[in-house]
Amino acid sequence: MLLTDIIQDEERIFTGKAIPDTYRYDEYVGLTDAIYAVALPKTKEEVLELVKFANKEDLPIIARGAGTGLSGATSPVKGELIIDLHLMNRILDLDTETMTLTVEPGVLLQDIQEYVESRGYFYPPDPGSKHSSIGGNVATNAGGMRAVKYGVTRDYVRALDVVLASGEELSLGSLNIKNSSGYDLKDLFIGSEGTLGITTQIKLKLIPLPKASLSLAAAFPSLREATDAVLTILKNGVDPTALEFFERDVIELSEKENNLKFPSQKGQSYLLITLDGDDLESIQRRVTLLEASILPHNAVELISLTDPLLEETAWLLRDKLLTAVVNYTEQVTLDESVPINHISTLYQYTKDLEANSGLKMISFGHAGDGNLHTCVTRGDITDQTEWETKRDEVLDLLYAKIKELGGLPSAEHGIGIIKKHHFEKMFDPNYLNFMRQIKKVFDPDGRLNPTKVI
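Report on the accompanying structure. (Residues numbered from 1 in each chain as written. Predicted model: local features only at pLDDT ≥ 70, side-chain atom pairs only at ≥ 80, totals over all residues. Heavy atoms only, no water.)

1. As for the overall build of the protein
What the protein contains, in helices and strands, is 16 helices and 20 strands. Here the protein has a C-alpha radius of gyration of 22 Å; the compact-globule value for 454 residues is 22 Å, and the two agree. For the protein, restricting intrachain contacts to residue pairs at least 6 apart in sequence, the fraction spanning at least 24 positions comes to 72%. Working note: accessible area of the protein is about 19,800 Å², and carbon and sulfur atoms make up 49% of it. Within the protein, one finds 46 positive and 68 negative side-chain charges whose respective centroids are separated by 2 Å. (Helix = DSSP H or I, 4+ residues; strand = E, 2+ residues; numbered from the N terminus. Rg over C-alpha atoms; globule rule 2.2 N^0.38 Å. Contact = heavy atoms within 4.5 Å. Areas by Shrake-Rupley, 256 points an atom, 1.4 Å probe, with all protein chains shown as cover. Lys, Arg positive; Asp, Glu negative; His and termini not counted. Charge placed at Lys NZ, Arg CZ, Asp CG, Glu CD.)

2. Regarding helix α4 (residues 109–117)
Within α4, the full set of buried residues consists of Leu109, Ile112, Gln113 and Val116. Summarising the axial view, the buried residues of α4 lie within an arc of 95°, below the 170-degree limit, and thus occupy one face. Where α4 is buried, its residues contact β8 (100–103), β9 (121–122), α5 (134–140) and β12 (198–205). (Buried < 20%, exposed > 50% of the residue type's maximum accessible area, 1.4 Å probe, protein only. Arc of directions from axis to C-beta.)

3. Things to note about the side chain of Thr32
Assignment of secondary structure puts Thr32 in the loop between β3 (30–31) and β4 (35–39). Within the local environment of Thr32, its side chain forms a polar contact with the backbone nitrogen of Ala34, the two atoms lying 3.0 Å apart. Once residues within four sequence positions are removed from consideration, Thr32 is found in contact with Arg24 and Pro76. (Polar contact = N/O pair within 3.5 Å; in protein donor to acceptor, adjacent residues only side chain to side chain.)

4. Re the sheet that holds strand β5 (residues 61–64)
Spatial ordering of the open sheet is given by β1-β4-β6-β5, a layout of four strands whose pairing is mixed. The strands lining the two open edges of the sheet, one partner per strand, are β1 (13–15) and β5. When strand polarity is set aside, the average angle formed by the axes of neighbouring strands in this sheet is 20°. In this structure, β5 lies alongside strand β6 (residues 80–84), joined through four bridges in parallel fashion. (Pairing = 2+ DSSP bridges. Axes fitted to C-alpha atoms, helices over the stretch in contact; angles between N-to-C directions.)

5. A short note on the sheet that holds strand β14 (residues 212–220)
Strand pairing in a sheet takes place through backbone hydrogen bonds and is either antiparallel or parallel in direction. One open sheet holds the seven strands; their spatial order is β17-β14-β16-β15-β19-β20-β18, and the pairing between them is antiparallel. This sheet does not close on itself; its edge strands, each paired only once, are β17 (301–304) and β18 (331–333). Across the sheet, the mean angle from the axis of one strand to that of its neighbour is 15°, orientation sign disregarded. Here β14 pairs with β17 via four bridges, running antiparallel. Across the sheet, Leu216 pairs through a bridge with Ser304, a residue of β17.

6. A look at the pattern of salt bridges
Counting across every chain of the model gives 29 salt bridges. The salt bridge partner of Arg248 is Glu255, with a shortest N-O separation of 2.6 Å. Residue Glu404 pairs with Lys401 through a salt bridge whose shortest N-O separation is 3.1 Å. With Glu404 and Lys401 both in helix α14 (residues 384–404), this residue pair falls three residues apart, about one helical turn. Accessibility expressed as a relative area gives 59% for Glu404, which makes it exposed. Relative accessible area serves as the criterion here: at 16%, Lys401 is assigned to the buried category. One network of salt bridges, with partners in common, ties together Asp9, Arg12 and Glu46. (Salt bridge = Lys/Arg side-chain N within 4 Å of Asp/Glu carboxyl O.)

Laid out in structure tokens, this is it:
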């Protein structure tokens, strides 16, 4: 059997020099030629046949979505057959009785959000990349900006259809809301980064679309005061939908990148907040609670973004923060998670590291759920060896501090290949051993996404 026997449309198969660089290059791993071929299936049946072909030819496999991942999880390293799922992009069914949406893995997050919201429903998970695919979101258990109130991708997956490394099909989960019927294999596969199976269909839980929402921008003299305010906001029952934080210097990068101005130009640090609910009157009562929560932390300004253009500008600048940092200088972006009472502690530690190492640290992220994005930037260091040495020293110290605070190496981007070293140092060897045993149950030959995660 040949690949062309499975996918007869030659435009959906790439081999040799015809393989586009988009498959060869990863921002964090670099350029590689270690690819057997790239195949773009349109159906579950084609995925099944491709996996069976890989078994026959003893090929490793990488399942790939929109390519927006930030951990090197789809970077080829062993001559893999890459199964690119982005053409499996159909919205199959909206079931209004069970409030579920059935989709293929290549559907983009933005398309899902627009589709359900136009029909009065809400899919809350909101990762920064709206052009990520839902299959990729499932693979990394993506979080995003609304996780503080609504949770993450795992909380909205009712059921999955997957293809295992053996070429077998497996259905996980169901339309039932409650389940205490044996091991929950569905949740095991969510966040497994393509190392246990290839998702071919997803049933997503929907909720009613909130009737009203309001965004606000709060300015503070420093990020320490902004992050200290977060706990007070959460304790006082403000119940934010989103609670984002960032420093003046990083929002300035986004302002220059997008030729826009953030609504507040005061202070050195900001919280960008969204409140939603049944009506604006109930939201306004929570705005009063918000005001009382931030005043003890020396807030210098609180702006209600009632102008839709102003609100759109604020959130666009927030969405584009990472792009702005990437375009500013070479950097490594963490997506660490710490208990919310340690956000300020970790932030202050990054500033101490910055002073001692000479590498600038840029911080932003999801304050309401303790998920920080710390960017270790190269700046004006010209010597490659000096940059790599300092970078690695700083990363070792940062991950050690995260572990000390009871944190985790990844909140939403996944481990992939670039965090493996730190992941293995942060967890007990026995814990990792059981993870490896689980991997062997579903993929005894190590065929799926080899060298990633564990």
